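# Reading the structure
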Amino acid sequence: MPEGPELHLASCYINTVCAGLIFSGKVEKSEVSKNPEVLFESDAYLISATSRGKEIKLTLTPLKEEKSALPGRGKDREVLSQNGLQQPMDLVFRFGMSGSFKLTSAAELPKHAHLRFYTKESPHRALCFVDFRRFGRWEVHGTWQLDRGPCVMLEYEKFRENVLRNLSDKAFNKPICEALLNQKFFNGIGNYLRAEILYRLKIPPFEKARTVLEALQHRKQQSPDLTLSKKVKLKRENPDLLELCHAVPMEVIHMGGKGYGSEPSDDAAAFEEWLQCYCVPGMRSLRDGNGRTIWFQGEPGPMAPKGEKSRKKRSRVNADPEPPSPKVTKPVPKRGLKGSSSQEKVAKRSGRKKGKELVQEAENAKAHEARKPNTRSRRKASASQASPTHKAPAADRKRQTSAGRSTGAAAAAPRSRRVKAE
C-alpha cells in the first residue's frame, strides 16, 4: 500500500512531467469507477500537485478566463464564477491499495486508468490515475481531511506537538504498532514504515503506546553550550520514536524513484535493499488487532494477541534443495493374460466396491500361489521317500503311461499312412 513517501514522490512526479505541458478539454472518467464525475472543461489549463501525509491534491488552473460550456444546474455550475468563467479546481486523492499516476500516450492508455487528463499537444498524451484494485478515491473541490493530523514529513514540529499533547487519548491505550497507523496522529505512517521504525529502536511492537511515548515527555534537554552541529549529531545518533517517524520516510524520499509500490520498477531493488525488517527473511510476524501484519525481531511485547503464533519468513534463497524422490507406480496388469487367476479377477471386481482390503487379499493369495512347489518335483520327492511296499503301484502307473503312449502311436500310424497316400 502506498504510504506517505510514495504520495510525496507522486506529487513530485506530477510536477516534473507536467511542467510546460498544457492540458485541454474535459476530464474523462472510466465507466467502471464509482468515484464522482469531474465536471471540469477548459481549452487550456495547467496541473500541479502537493501532498500531505497520505493525501495528494491536484490543482487544475485555467490559463485564461473563458466561458465554460458545462451543462446542468446547481452543483454542476459551482466551477463557474459569477460571470460564467471557469475557476480553478482542487481534486484530493487517496491512493488506497494500488493508486498511482502515469503520463502515457493517449493511444495506449493503461488498462486501469480511471481518471484521465489530456494534453493539448499532438499526438495527445494523458495523465492517468491508475488503480487496478479500485480502492483509491478522489474528492472534487476537496480539502485535506480534518481528522488527519499534521504530516510526519513536511510538518514535523506540529506533528510532534500533536502527539505529545494528546497522550491521554484512548488511541494510545493500544499497542504501539497499532497506534502508529492512526492517521489522526501519525499521518503518513503505514505498514512498512512502522516495522522499520520499531525495529531500529528495538521496541516490541505490542508494548503499550502510552508507555513508549510518555518517556519522550521527560527527555533530558540538550545542554545550551553545545553547538548546533553537535546537537544535530546527537539527534542522529540517538533518535527517539517521533524523530524516526520523520527521518525514516525522508530516507525513502531521498532514494527517489517511486518507493514502495505494487508494480515492479527499476528502483524496486534499491528499496528492497534498504529494508531492514519488513518482509525480510528471518524476521517474525504477527497480526495486530486490525488484522494487519507487523514484522519484528525478538519478543512481541505484553499486549501481543493470545493464541497467535509468530511466523518466521522463510529465506528467499534455498540452499540446494534435495531432488524429489521419484514416484513408484505399480504396473497395471493387462487383461487376458494366461497367468491371471480367477481369484485375481474376483478381487478386481470386489475391490471397486469394498475398497483396497479385498485387493490386498487378492495380492496375498497370488503370492501364496507363487510360493507353492512344482507338482512334478513334489511327485519325485514323494516317490523317493516312499517305502518299498508302494513300489508296485508306482510300477503299475508306469506301465499304464507306456501303454497309453503306445496306443497313441498306433492311432497316429494310420493317419501318417493316409497323408503319404495323398
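Located above this text is the structure these notes cover.
This section reports on the structure supplied with the text. Fair warning: this is a prediction, and the values are worked out from it, not measured in the lab. (Residues numbered from 1 in each chain as written. Predicted model: local features only at pLDDT ≥ 70, side-chain atom pairs only at ≥ 80, totals over all residues. Heavy atoms only, no water.)

### Examining helix α2 (residues 156-165)
The condition that has to hold: Between buried and exposed lies partly exposed: a residue is buried under 20% and exposed over 50% of the maximum accessible area for its type, with that area taken using a 1.4 Å probe on protein chains only. Strands are runs of DSSP state E lasting at least 2 residues, helices are runs of H or I lasting at least 4, and numbering of each runs from the N terminus. Read the arc as the range of directions from the helix axis to the C-beta atoms. We call two residues in contact whenever any of their non-hydrogen atoms come within 4.5 Å of each other.
Where α2 is concerned, the buried positions are Tyr156, Phe159, Arg160, Asn162 and Val163. Each buried residue of α2 lies within a common arc of 160° when the element is viewed along its axis, so the set occupies one face. Facing away from the buried side of α2 by over 90 degrees, the exposed positions are Glu157, Lys158 and Arg165. Buried residues in α2 make contact with α5 (209-217) and α7 (241-255).

### Re unusual backbone geometry
The omega torsion across Ser122 and Pro123 is 0°, close enough to zero to call that bond cis. By the secondary structure assignment, Pro123 is in the loop between β7 (113-118) and β8 (125-130). Residues other than glycine seldom take positive phi values, yet His141 does so here, at roughly 55°. Structurally, His141 can be placed in the loop between β9 (137-140) and α2. Given the relative accessible area of 34%, His141 is considered partly exposed. In the Ramachandran plot, Cys279 falls in the positive-phi region, its phi being about 60° despite a non-glycine side chain. According to the relative accessible area criterion, Cys279 is partly exposed, its value standing at 23%.

### Looking at the pairing of strand β5 (residues 89-94)
Rules: Any two strands with at least two DSSP bridges between them are considered paired.
Counting buried positions along β5 gives five out of six residues, so the element sits mostly inside the fold. Note that strand β4 (residues 55-62) and β5 share five bridges and pair antiparallel. Across the sheet, the residue bridging to Leu60 is Met89, located in β5.

### Regarding the packing of aromatic side chains
Basically, it comes down to this: Classification of ring pairs rests on two measures: the distance between centres of Phe, Tyr or Trp rings, Trp counted by its six-membered ring, which must be within 6.5 Å, and the angle between planes, read as stacked under 30 degrees, edge-to-face over 60 and tilted in between. Cation placement over rings: the criterion is NZ of Lys or CZ of Arg within 6 Å of the ring centroid and within 35° of the ring normal.
In total, this model carries 16 aromatic pairs according to the counting rule given. For the ring pair Phe93 and Phe129, a centre distance of 5.0 Å and an interplane angle of 50° mean the geometry is tilted. With Phe93 in strand β5 and Phe129 in strand β8, the pair connects residues that are 36 residues apart, well separated along the chain. The two residues Phe93 and Phe129 agree in class, both being buried. Aromatic rings pair up to connect Phe93, Phe95, Phe101, Phe129 and Trp138 into one cluster. The cationic tip of Lys57 hangs over the ring face of Trp144; the distance from NZ or CZ to the ring centre is 4.7 Å. For the cation-ring pair, Lys202 lies above Tyr199, with the distance from its terminal atom to the ring centre recorded as 4.2 Å.

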